[in-house]
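Summary of structural features
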Protein chains: 2
Amino acid sequence: MRYARVSAGGRAVWGRVGETDVELLSGSPIEGDAQVIGTVPRDTALWLPPVVPPVFYAVGMNYPRHIAHAGAAVPDRPEVGYRANNALTGHGSPIVRPAGVEGRFEAEPELVAVIGRTLKHATHDDARAAVFGWTIGNDVSARTWQHQDRSFWRSKNSDTFKPMGPWIETDVDALAQTTTLRVNGEQRASFPTGDMVFDPFDHIVEITRHITLQPGDVLWMGAESTCQLEPGDTVEVEISGIGVLSNPVHPEGNHPS
Amino acid sequence: MRYARVSAGGRAVWGRVGETDVELLSGSPIEGDAQVIGTVPRDTALWLPPVVPPVFYAVGMNYPRHIAHAGAAVPDRPEVGYRANNALTGHGSPIVRPAGVEGRFEAEPELVAVIGRTLKHATHDDARAAVFGWTIGNDVSARTWQHQDRSFWRSKNSDTFKPMGPWIETDVDALAQTTTLRVNGEQRASFPTGDMVFDPFDHIVEITRHITLQPGDVLWMGAESTCQLEPGDTVEVEISGIGVLSNPVHPEGNHPS
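Note that this is a predicted model, so its numbers are computed, not measured.

A count of helices and strands for chain A gives four helices and 20 strands. Its C-alpha atoms give chain A a radius of gyration of 18 Å, within 12% of the compact-globule value 18 Å for 257 residues. Taken along its principal axes, the extent of the C-alpha atoms in chain A is 50 × 45 × 35 Å. Looking at the 257 residues of chain A, the share that counts as buried comes to 57%.

Right, let's talk about the UniProt feature "domain: Rv2993c-like N-terminal" (unreviewed entry) in chain A for a bit. Under the local residue numbering, the UniProt record ascribes the feature "domain: Rv2993c-like N-terminal" (unreviewed entry) to residues 1-50 of chain A. Taken end to end, residues 1-50 of chain A is 0% helix and 54% strand, and its first and last C-alpha atoms sit 13 Å apart.

Another point: the side chain of arginine 5 of chain A. All names here are of chain A. Locating arginine 5 in the fold gives a position in strand β1 (residues 2-8). The charged side chain of arginine 5 is buried without a salt bridge, its nearest counter-charge being glutamate 31 at 11 Å. There is a polar contact of 2.6 Å between the side chain of arginine 5 and the backbone oxygen of proline 49. If near-sequence neighbours (up to four positions away) are discounted, arginine 5 is found in contact with Ala12, Val13, Trp14, Leu46, Trp47, Leu48, Pro49, Pro50, Val51 and Val52.

Sheets are built from strands paired through backbone hydrogen bonds, the pairs being either parallel or antiparallel. The strand order β13-β10-β18 (chain A) describes an open sheet built from three strands, whose pairing is antiparallel. Only two strands of the sheet have a single neighbouring strand rather than two, namely β13 (141-142) and β18 (227-228) of chain A.

The next thing to look at is the interface of chain A and chain B. On the chain B side, the residues contacting the 36 residues of chain A number 36 residues. One can count 20 residue pairs in polar contact (both at pLDDT 80 or more) joining chain A with chain B. Of all the secondary structure elements, the ones that give two or more residues to the side of chain A that touches chain B are β7 (81-82), α3 (143-148) and α4 (200-207) of chain A. Classifying every residue of the side of chain A that touches chain B gives 13 nonpolar, 13 polar and 10 charged.

The accessible area lost on association of the parts is a frequent measure of interface size. Residues and elements named next belong to chain A. Partitioning chain A into structural domains gives domain 1 (1-47) and domain 2 (49-251). On the domain 2 side, the residues contacting the 12 residues of domain 1 number 21 residues. Buried area between domain 1 and domain 2, summed over both chains or domains, comes out near 1300 Å², and the portion from carbon and sulfur atoms is 56%. Per-residue buried area on domain 1 facing domain 2 is highest for Arg2, Ile30 and Trp47; these three make up 48% of the total on that side. Our enumeration of links across domain 1 and domain 2 arrives at one salt bridge. Arginine 2 is paired through a salt bridge with glutamate 169; the nearest N and O atoms lie 2.7 Å apart. The interface formed by domain 1 and domain 2 holds six residue pairs in polar contact (both at pLDDT 80 or more) in total. Of all the secondary structure elements, the ones that give two or more residues to the side of domain 1 that touches domain 2 are β1 and β2 (11-17). Take the side of domain 1 that touches domain 2: its biggest share by element is four residues, from β1.

With an RMSD of 0.0 Å, the fit of chain A onto chain B corresponds to turning through 180 degrees and sliding 0.0 Å along the axis. Overall, the copies show the geometry of a two-fold rotation axis. Take the interface residues of chain A: 100% of them recur as interface residues in chain B, which is what a same-surface contact looks like.

Our next topic: the sheet that holds strand β19 (residues 234-239) of chain B. Residues and elements named next belong to chain B. The strand order β9-β20-β19-β15-β16 describes an open sheet built from five strands, whose pairing is mixed. Either end of the sheet is taken by a strand with one partner, and the two such strands are β9 (95-97) and β16 (186-192). Averaged over all pairs of adjacent strands, the angle between their axes in this sheet comes to 20 degrees, without regard to strand direction. The pairing of strand β15 (residues 178-183) with β19 spans five bridges and is classified as antiparallel.

Time to look at α4 of chain A. Residue and element names in this part refer to chain A. Most of α4 sits inside the fold, with seven of its eight residues counted as buried. Where α4 is buried, its residues meet β11 (109-115), α2 (124-130), β12 (131-138) and β17 (218-220). A side-chain oxygen of the first residue of α4 lies 2.8 Å from the backbone nitrogen of phenylalanine 201; this N-cap is aspartate 199.

The final tally for this structure, using the stated rule, is 40 salt bridges over all chains. For aspartate 149 of chain A, the salt bridge goes to arginine 77 of chain B, with nearest N and O atoms at 3.0 Å. Of this pair, aspartate 149 of chain A sits in the loop between α3 and β14 (162-169) while arginine 77 of chain B sits in the loop between α1 (64-70) and β7 (81-82), which puts the two residues in different chains. Residue classification places aspartate 149 of chain A among the buried positions, given a relative accessible area of 8%.

On to the environment of glycine 133 of chain B. All names here are of chain B. Relative to the elements of secondary structure, glycine 133 occurs in strand β12 (residues 131-138). Judged by its relative accessible area of 1%, glycine 133 is buried. Along the primary structure glycine 133 and alanine 122 are separated by 11 residues, whereas in three dimensions their C-alpha atoms are 17 Å apart. Sequence-distant contacts of glycine 133, that is, excluding residues within four places in its chain, are made with Val112, Ala113, Val114, Ile168, Glu169 and Thr170.

Looking now at the environment of threonine 193 of chain B. Residue and element names in this part refer to chain B. One can find threonine 193 in the loop between β16 and α4 (200-207). Taking C-alpha positions, threonine 193 is 7.6 Å from isoleucine 239, a pair spaced 46 residues apart along the chain. Those residues in contact with threonine 193 that lie beyond four places of it in its chain are Tyr63, Leu111, Ala174, Leu175, Gln177, Thr178, Thr179 and Ile239. Among the polar contacts made by the side chain of threonine 193, one reaches the side chain of threonine 179 at a distance of 2.8 Å.

The rules behind each value
Residues numbered from 1 in each chain as written. Chains lettered and ligands numbered in written order. Predicted model: local features only at pLDDT ≥ 70, side-chain atom pairs only at ≥ 80, totals over all residues. Heavy atoms only, no water. Helix = DSSP H or I, 4+ residues; strand = E, 2+ residues; numbered from the N terminus. Rg over C-alpha atoms; globule rule 2.2 N^0.38 Å. Buried < 20%, exposed > 50% of the residue type's maximum accessible area, 1.4 Å probe, protein only. UniProt positions renumbered as here; feature names shortened; annotations may be inferred. Lys, Arg positive; Asp, Glu negative; His and termini not counted. Salt bridge = Lys/Arg side-chain N within 4 Å of Asp/Glu carboxyl O. Polar contact = N/O pair within 3.5 Å; in protein donor to acceptor, adjacent residues only side chain to side chain. Contact = heavy atoms within 4.5 Å. Pairing = 2+ DSSP bridges. Nonpolar A, V, L, I, M, F, W, Y, C, P; charged D, E, K, R; others polar. Domains from an automatic or database assignment. Buried area = accessible area lost by both parts, 1.4 Å probe. Least-squares fit on C-alpha atoms with pLDDT ≥ 70 in both. Axes fitted to C-alpha atoms, helices over the stretch in contact; angles between N-to-C directions.

Put into structure tokens, the structure is as follows:
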């Protein structure tokens, strides 16, 4: 099943995505039984981030080729960092490059696990059972700020820097898929989605030794490859079996400050 | 006015805190006009974190004496990091020291600004008008993990590591107050709350150059001093004009994993 959040009548509404329509739901499918309350044609849907997480977890160095390229050490245990909800935006909405950003402004195509239940001290079996479904993330990064700043606050968390979507796919073997990154229709990268140092379940087991995961939490799994983005581009991240997350890149307008 | 969230009938309910009672409210005072729907005696209230933020911002090095003590460079501009909502706990609830933590396990007493409105590209005047009120945070930190790990994920974000409360005070000149840290009734630190390199309004102006702040976001402002905590201790953070945040420290029980 594919679940999304769309804008309907000015509100964020959960939906079940079919071939031609999105059935609007009375509540969150993560929380329980949601009833169908209407439909919108799929090709006119305004897609929102498919979930706004209580906590937004992100894995850094997690693909062997990325780690080798960066000259970094291979992690000996799973660790996570954080991203911020203000940066989330949906499929089809613009990524805005801030006026002050120059140089490398890059896309990072990532698999995202969406947590479906409250979880602590999880076994691997618990971890597998706790994933509600899978979506796609683009961890847009302004490298100059990433190198200048003490944290990733603006380099990875400026408004619109975290496209996520288009939907959550509940029936897919996510680690057996292929991740593809395209700009203006041209392929820039393609790699096996599951070629990770530590997979999502390894991370969930480690995180929940100390932390309670909650329904709706998301775990972004890192990327093997990146590519440059320029205003005017359209960037697509495809994960086979899940879907395509597509966003245009816009320049920021002028602001008084 | 003092606003809190308390547990009533198994639900989280907003309340207005008086001398002897907490008036329960129909909704969030940050969002608009909430109606009184009941009362509970103040001395029996079960205090929750006074807000669960959409984004949880935290300032690191921000007090000159702390920076000098750490041998760090004085920041030349405001920056922020993040903490995670799973770690929040309320006034009176235990801080649980994980079984794997040894060595320095410390309290950091912090002023917290609670954002009241949506805000981007703020001036200093906008920033002042956007603060709904002030509360108190204790940025509990496991230093061994902080030094071992690539991020602060478990050193500062394990469950119960972020006591916040007891309430939000809307009528106080927060930067003119005194912050006091006590363990088992003994004073361990006392410093002028406002003796910061960059104040909350400086941070809000800088953050909102790139990031939209939202109602309920919190900004923890850093600490001048820290002190060691042991299981069995009770730690209090007082900020004059706001209140006292008190939490017992418990050892973690045994877990199968």
